[in-house]
Amino acid sequence: MSLTKVSYSMINGAVFNVLDYGATGDGITDDTAAITAAYNDAYTTFSGPGVIYFPKGIYSVTSLNFNVANSSVHFMGEGLDCSVLKKRAGTTTPVLKLYGLPKNIIISELEINGNTQTGVSCLVLQDISYVHVHNCKMIDAAVYGIHGDSCLISTFQECIISNNLDGIAFTLSATPGPNPNANTVRDCVITGNSRRGVSVDNGNLLSVVNCDLEQNGQEGVPTTGGIYIYASIDDEIGYGMAVIDGCWLEGNEGTGIYVEAATFGNVSVLNTQVLAPNVGASAGRCIYTAPGLRLFSIMNSLCIGSTGTVDVNSENFFAANCLITTLSNSATNYTINQVKTGTLDSIQKTTQTEYASVASGTVRNNSIFLDSSTSKLSFKDGTGVVNALY
């Protein structure tokens, strides 16, 4: 009786099991060619969608570089501590690089390890959209844990991003594809990255949600730290936006959250706790916004440190329901409501903007203004009626 050979691809429903293509997962053998063959079989023969499956093991690779244009591919391991892609010595190319315009790419249950090799990043996503990275570990990269270079509408969820130069960074390449817009980092642990935990160099609609950012940055270097937002977030449409919501930032050297002078930028910090280092040159650096930022808001948040805990220099500033050890506010227009600081309990504090005398028929959209004809602070509602406040 003849027997049919059982392939690894029959195990656990895997579609393109890299062991079927000669990969060993022994941490010593170069498995680059075998993994590439598995991908090529899925991509060229079946044109996707396909699952590239990595059973438990350490897969030593030179570099995996795949054009995922018009495909739907799932790179799947058995767990972030079980299935490991580990960089071999000798080259500066990324461990895994994907590029093109895919339909849907998923990377899950994998560890990608840069092996501290010079110039190496763990995961590079270039000129790409619709990527979902879930329950992965990016560790020990000399450059980026994750580099979204012209990366659009992608999510990074429940990942551990640790011991890299930069944890996760969004940039726009010199020869750009899509602008790095609508990217979400959610439920991630981002720790021990020596320059920055998260940074956005260009684009719009970056969301960092429910993340733990600790021990990122370098003491005494204020432009390093937990989250860094460049002025270039407003380059594409003129109104770049970043939202930090529900995060915990503790012990990040340099600055917890640093925002450059984005001329039309809008940065919001919500439901977030920022605990600054207590000692050293970085003590007290929770949040800093540079002059020129269009709007900075902080709500329902806690910022604990020493002198300079929150230093706001934006054009417009709104704060509500916060506890801030020290608030240094140089905003042109601002509203501070229900904020507790070391020296101030604010119920409401609002800048007064002076306008010329206004006819009663003019609508100013519920504006508070100083009426130059009466020298009284007045209020104009949607009916056009001016009401003197005092």
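Scroll up to find the structure.
Residues numbered from 1 in each chain as written. Predicted model: local features only at pLDDT ≥ 70, side-chain atom pairs only at ≥ 80, totals over all residues. Heavy atoms only, no water.

## Focus: the overall build of the protein chain
When helices and strands are tallied, the protein chain shows one helix and 41 strands. Scored against the burial criterion, the 390 residues of the protein chain give a buried share of 51%. Accessible surface for the protein chain amounts to roughly 16,300 Å². Of this, 52% is attributable to carbon and sulfur atoms. (Helix = DSSP H or I, 4+ residues; strand = E, 2+ residues; numbered from the N terminus. Buried < 20%, exposed > 50% of the residue type's maximum accessible area, 1.4 Å probe, protein only. Areas by Shrake-Rupley, 256 points an atom, 1.4 Å probe, with all protein chains shown as cover.)

## Quick look at the pairing of strand E20 (residues 196-200)
In terms of burial, E20 is largely enclosed, as five of its five residues are buried. Bridge count between strand E17 (residues 166-171) and E20: four bridges; the pairing is parallel. Residue pairing in the sheet places Ile168 in a bridge with Val198 of E20. The sheet contact formed by E20 and strand E23 (residues 225-229) spans four bridges and is parallel. (Pairing = 2+ DSSP bridges.)

## Concerning the packing of aromatic side chains
Overall, the coordinates contain nine aromatic pairs when judged by the stated rule. Considering the side-chain rings of Phe54 and Tyr59, the 5.6 Å spacing of their centres and the 75° angle between planes classify their relative orientation as edge-to-face. We classify Tyr59 as buried; its relative accessible area is 0%. Between Phe296 and Phe317, the ring centres sit 6.0 Å apart and the planes meet at 10°, which makes this aromatic pair stacked. On the criterion of sequence distance, the pair formed by Phe296 in strand E30 (residues 295-299) and Phe317 in strand E33 (residues 316-324) is long-range, its members being 21 residues apart. Of the two residues, Phe296 and Phe317, both sit in the buried class. A network of ring pairs unites the aromatic residues Tyr228, Tyr230, Tyr258 and Tyr288 as a single cluster. Stacked on the ring of Tyr228, the Lys or Arg Arg196 has its end atom at 3.9 Å from the ring centre. (Phe/Tyr/Trp six-rings, centres within 6.5 Å; stacked < 30°, edge-to-face > 60°. Lys NZ or Arg CZ within 6 Å of the ring centre and 35° of its normal.)

## Concerning the environment of Tyr288
You can see Tyr288 is positioned in strand E29 (residues 287-289). When the C-alpha atoms of Tyr288 and Val312 are compared, they prove to be 6.0 Å apart, with 24 residues separating the residues in sequence. Those residues in contact with Tyr288, other than ones at most four positions away along the chain, are Thr255, Ile257, Tyr258, Val259, Asp311 and Asn313. (Contact = heavy atoms within 4.5 Å.)

## A look at the nonpolar core
One finds Phe75, Leu98 and Ile107 to be the most contacted residues of the largest nonpolar core, which totals 82 residues. Top element by residues in this core is helix H1 (residues 32-46). It accounts for five residues. If we ignore the near neighbours within four places in the chain, the residues touching Ile107 are Phe75, Leu96, Leu98, Leu123, His132, Val133, His134 and Cys136. (Core = buried A, V, L, I, M, F, W, Y, C linked by side-chain atoms within 4.5 Å.)

## Comments concerning the pairing of strand E21 (residues 204-209)
Relative to E21, strand E18 (residues 181-186) runs parallel, the two sharing five bridges. Bridge pairing in E21 places Thr184 opposite Ser207. Sheet analysis places E21 next to strand E24 (residues 241-245), joined by four bridges and oriented parallel. Paired with Ser207 across the two strands is Val243, which belongs to E24.

Any link to function would need more than the numbers given here.
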